[in-house]
Amino acid sequence: MAFIKPQKIVRNADGSIRSGSAAIVETIYEKGDRKYHARHKVRERLGKVLWLAEDKRSGIFASPTRGLVCYSADADAFESVESDDPRVAADFSSAQPQVHTVFGDGYLLLKFLEKQGLIPVLKAVFHKEGDFLRLLGHVAHGVLRDGSRINARDFLEKSFLSYLMGGISLESMRCDSAFFARMGCDSTRLAFFRAFVAHVRETHPAFGRCCYVDSTPLPNDARNNPFNALCSHGVSGAAVQMRLVLVLDELTGLPVWFDVIPGNVLDLSTVMNVVNDVAVSLDVKISSLVLDAGYVCQDLIRACHIGTEKSLIGRMPAKKGYPFKTLYWEVRPLFGRGKYEFVRGEHTYFGKRKEIILFGQEEYAYVYVDHENALSFFRQYLRDSEEEFRELRDKDKDWLAVRGGFFVLISNCCKSPEDLLTDYFERINIEKVFKTSKSYLSLLPISKWTDQTVRGKLLYDIINTIIYLQLREKIDLSGFSVSEIIGRTQSLMCCRDGDKVTVEVPNKQTREFYRLMQIPVPSHLSLKAELQTLGFDAAV
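The model shown is predicted, which means the values in this text are computed figures rather than measured ones.

What counts as what
Residues numbered from 1 in each chain as written. Predicted model: local features only at pLDDT ≥ 70, side-chain atom pairs only at ≥ 80, totals over all residues. Heavy atoms only, no water. Helix = DSSP H or I, 4+ residues; strand = E, 2+ residues; numbered from the N terminus. Expected span 1.5 Å × (residues − 1). Buried < 20%, exposed > 50% of the residue type's maximum accessible area, 1.4 Å probe, protein only. Arc of directions from axis to C-beta. Contact = heavy atoms within 4.5 Å. Polar contact = N/O pair within 3.5 Å; in protein donor to acceptor, adjacent residues only side chain to side chain. Pairing = 2+ DSSP bridges. Axes fitted to C-alpha atoms, helices over the stretch in contact; angles between N-to-C directions. Parallel < 35°, antiparallel > 145°, perpendicular 65-115°, else oblique. Left-handed = near helix turned anticlockwise from the far one by under 90°. Nonpolar A, V, L, I, M, F, W, Y, C, P; charged D, E, K, R; others polar. Lys, Arg positive; Asp, Glu negative; His and termini not counted. Salt bridge = Lys/Arg side-chain N within 4 Å of Asp/Glu carboxyl O. Phe/Tyr/Trp six-rings, centres within 6.5 Å; stacked < 30°, edge-to-face > 60°. Lys NZ or Arg CZ within 6 Å of the ring centre and 35° of its normal.

*Asks:* Whenever I open this one, helix H10 (residues 371-384) confuses me. Can you help?
*Replies:* Because the α-helix completes a turn every 3.6 residues, residues three or four places apart line up on one side. With 14 residues, H10 ought to run about 20 Å at 1.5 Å a step, and its terminal C-alpha atoms sit 20 Å apart, in line with that. Within H10, the full set of buried residues consists of Ala374, Phe378 and Tyr381. For H10, the arc enclosing every buried residue in end-on projection is 60°, short of the 170-degree limit, so these residues lie on one face. When the buried face of H10 is taken as reference, the exposed residues oriented beyond 90 degrees from it are Arg383 and Asp384. Contacts made by the buried residues of H10 are with strand E16 (361-370), helix H11 (386-391) and helix H12 (394-403). A distance of 3.1 Å separates the backbone nitrogen of glutamate 372 from a side-chain oxygen at the start of H10, and that oxygen is part of aspartate 370.

Next comes the structure, spelled out in C-alpha cells:
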C-alpha cells in the first residue's frame, strides 16, 4: 500500500507550506521469522511540497520529473493542476518538469572499467569510435540490467551512458544483429583475449600459465547452428544443445578462452583442440584437466597416465568397461576404518587411493564415499521402495547403503585422497563462472539464430562475465553483493544541459558504495571531457 511521506515540512504563519519535500513510499511485507517483517521502499520522489492535505493522503508537488502535479495516495494516481489553483502559491505555479536520467550505476561501471584498465581491452575488439561506444552500451546493458528483461534500447534511454552514444541510434540497439555478427568473427574473439591476457599479465605474470578446462550444456532452438545436436548430457532430459567449453585460469578464476563444440561430442579431441588453440594463439598453457565422466575415454587415459606431464583428474564413468563396481568390492572391507576417514566442509568422507591398470596404462583410482549423501539417498530409497528393499540380497542392500555417496576419481597424480578431492572440487570455480553467466547475465536463452551471431552472443556474455567477476572480487570483503550495489546506486540521478551534466547530491549509501569502489562522485561533468578520457573527440 502506497502513502505519502513528507520530510522537513516548514510552514508559514498562515499555515501554508514554505519548504519541504515528499516521496511515494510503499510498505512491503516479507515472509520470514524476523520480528519486523515489513519494510518501506521509495517508489518515486515527488519533489517540493506545495500543498498537503491534513490527512497527508494527497497533495500538490513540484515534481522533478512530472512538473506541477497532484497525487492522491487513496487513488494511487496523478492529476494535472491548473496554474491558477488557489492551493498553490504564485511563486510555484509555473513549475516545469526537469528531465532526470539515471546516473549512479552507469557512471560507476564506466569509471570501474577505466580503473581496471579494461577500456583498452574493449578497444581491441572494436577500434572505431562508433563501434566501441556501441560495444560499451551493450556491455553496460548486460552487466547493469541485473537479470531484468529490459532491452538495450530501453535501458540506455534512461541511463547517463546514452549521452555518450553520439550519433548511434538507440533504436538500432534493440535488435542489434549486425553487432553480434561482428562479435562472432574469430578475429574479434582472438583480439579480445590477446588483449585481455596481456593486460592481466602486467600485474599477474603467471596468468594463463596454469589453466583448466570444462564445458557446460547450452540448450537452445537456434536455427542454422551446425553445433546443435540432440543430447542428454548435463540436462535433466534429452534436449537440442551445443556445449560451451571454457578455459579458466587457476589462480584468478577468470576466463582466458572459450569455444563451442557439438552438443553430442564429448571426447579427447574436443579438449585437445582447445588446448592447442590457446597454446598457439595466446601462449596459454592448460597444465591440468579436471573433467567430468563424459570426457573420460581410452584416448584420454593413454594421453594422461602416470608419468605424463599434463595432470589429470577425471570422474570415472559407472559403465563402459570401467572397474567402478569392482573397486567398490575391493575397498568395502575398509569402510568404517578411522584411518581412511576425513572431513571436508560439512561432509565426512571415506577415501582410499589404489594403483590400477586402466586400458593398459597405470593410473591412480581414488575411491570415495560421501557419508552424508549416501545416507540421504538411502533414506529416500527406503521411503519409496521399502518392499523392494526387503527382497534384495544382503550384498545388494550393502551396496544401496553407500550408492548415493560412492564415486571414483581417476588421476595420474599421487596425492592423499583428501588433497586430490580438494583439487577436484576446485573445479567449482568454473561452475561459479557458468552460474554467473547463466543466472546473472542471461547467457541463456541464447536468442540468436545464426552460427555467427550465436558465437558473437557468447563472446559478449563472456566479456560481461569477466567484468562481473572483477566487480565481485572488488567488493568481496564488504558484505555487499554486486546486485545490491547496482540497484542502490541507481537512485543517483543527473540532468543534462548541452555538454554539461549536473549530478544530484548522492545519499549516504550511494556515497558508501562509491567509496568502496574508490571512485569519487562528481557534482558535474563535461561529456566532451568524458569522451576524451575514453580516447575520443566526438561531438555529443
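From this point, things continue past the structure.
*Asks:* Quick question: what am I supposed to make of the sheet that holds strand E2 (residues 17-29) here?
*Replies:* Here six strands make up an open sheet; going across it, the order is E1-E2-E3-E4-E5-E6 and the pairing antiparallel. The open sheet terminates on both sides in strands that have one partner only, identified here as strand E1 (2-11) and strand E6 (77-80). On average, adjacent strands in this sheet sit at an angle of 40° to one another, irrespective of strand direction. Relative to E2, E1 runs antiparallel, the two sharing eight bridges. Within E2, the residue paired with proline 6 across the bridge is alanine 22.

*Asks:* Got a minute to help me understand the packing of helix H1 (residues 104-115) against helix H3 (residues 129-144) in this structure?
*Replies:* A pair of packed helices can be characterised by two numbers: the angle between their axes and the separation between those axes. Two elements in contact, H1 and H3, have axes whose closest approach is 11 Å; the angle formed by their N-to-C orientations is 115°. With respect to each other, H1 and H3 are oriented roughly perpendicular. As for the relative orientation of H1 and H3, their crossing is right-handed in sense. On the side of H1, the interface is formed by Asp105, Gly106, Leu109, Leu110 and Leu113, while H3 contributes Leu136, Ala140, Val143 and Leu144. Residue composition of the contact of H1 with H3, by class: seven nonpolar, one polar and one charged.

*Asks:* What should I look at first to understand the packing of H1 against helix H16 (residues 482-489) in this one?
*Replies:* Running from N to C, H1 and H16 point in directions that differ by 125°, and their axes come no closer than 7 Å. Relative to H16, the element H1 lies oblique. On H16, the residues touching Gly104, Asp105 and Leu108 of H1 are Ile485, Ile486 and Thr489. Counted by class, the contact of H1 with H16 contains three nonpolar, two polar and one charged residues.

*Asks:* Is there a simple way to explain the side chain of glutamate 363 in this structure?
*Replies:* Note on placement: glutamate 363 falls in strand E16. No salt bridge is formed by the buried glutamate 363; the nearest opposite charge belongs to arginine 302, separated by 9.9 Å. Those residues in contact with glutamate 363 that sit more than four places away from it in its chain are Ile301, Cys304, His305, Ile306, Lys354, Glu355, Ile356, Leu358, Ile410, Ser411 and Asn412.

*Asks:* When you look at the packing of aromatic side chains in this model, what are you seeing that I'm missing?
*Replies:* Two numbers describe a pair of aromatic rings. These are the distance of the centres and the angle of the planes. All told, the structure shown has 31 aromatic pairs when counted by the stated rule. Aromatic side chains phenylalanine 179 and phenylalanine 180 sit 5.0 Å apart centroid to centroid with 75° between the ring planes, which places their arrangement in the edge-to-face category. A network of ring pairs unites the aromatic residues Phe324, Tyr328, Trp329, Phe335, Tyr340, Phe350, Trp399 and Phe406 as a single cluster. The ring of phenylalanine 132 has lysine 123 lying over it, and the distance from NZ or CZ to the ring centre is 6.0 Å. Looking at lysine 123, its charged tip hangs above the ring of phenylalanine 536, at a distance of 4.5 Å from the centre.

*Asks:* I keep staring at the pattern of salt bridges and nothing clicks. Help me out?
*Replies:* Should their charged atoms come close, side chains of opposite charge can pair. Applying the stated criterion across every chain yields a total of 19 salt bridges. Between aspartate 283 and arginine 201 there is a salt bridge whose closest N-O contact spans 3.7 Å. Within this pair, whereas aspartate 283 is found in the loop between helix H7 (268-282) and strand E12 (288-291), its partner arginine 201 is found in helix H6 (residues 186-201), the two being separated by 82 residues in sequence. For aspartate 283, a relative accessible area of 45% translates into the label partly exposed. Residue arginine 201 is classed as buried on the basis of its relative accessible area, which comes to 17%. When the shortest N-O distance is used, the salt bridge between aspartate 461 and lysine 457 registers 2.6 Å. Of this pair, aspartate 461 and lysine 457 both sit in helix H15 (residues 451-474), four residues apart, which is roughly one turn of the helix. With respect to class, aspartate 461 is no different from lysine 457; both count as buried. What emerges from the salt-bridge pattern is a single network uniting Glu26, Arg43 and Asp76.

Nothing here speaks to function; it is all geometry.
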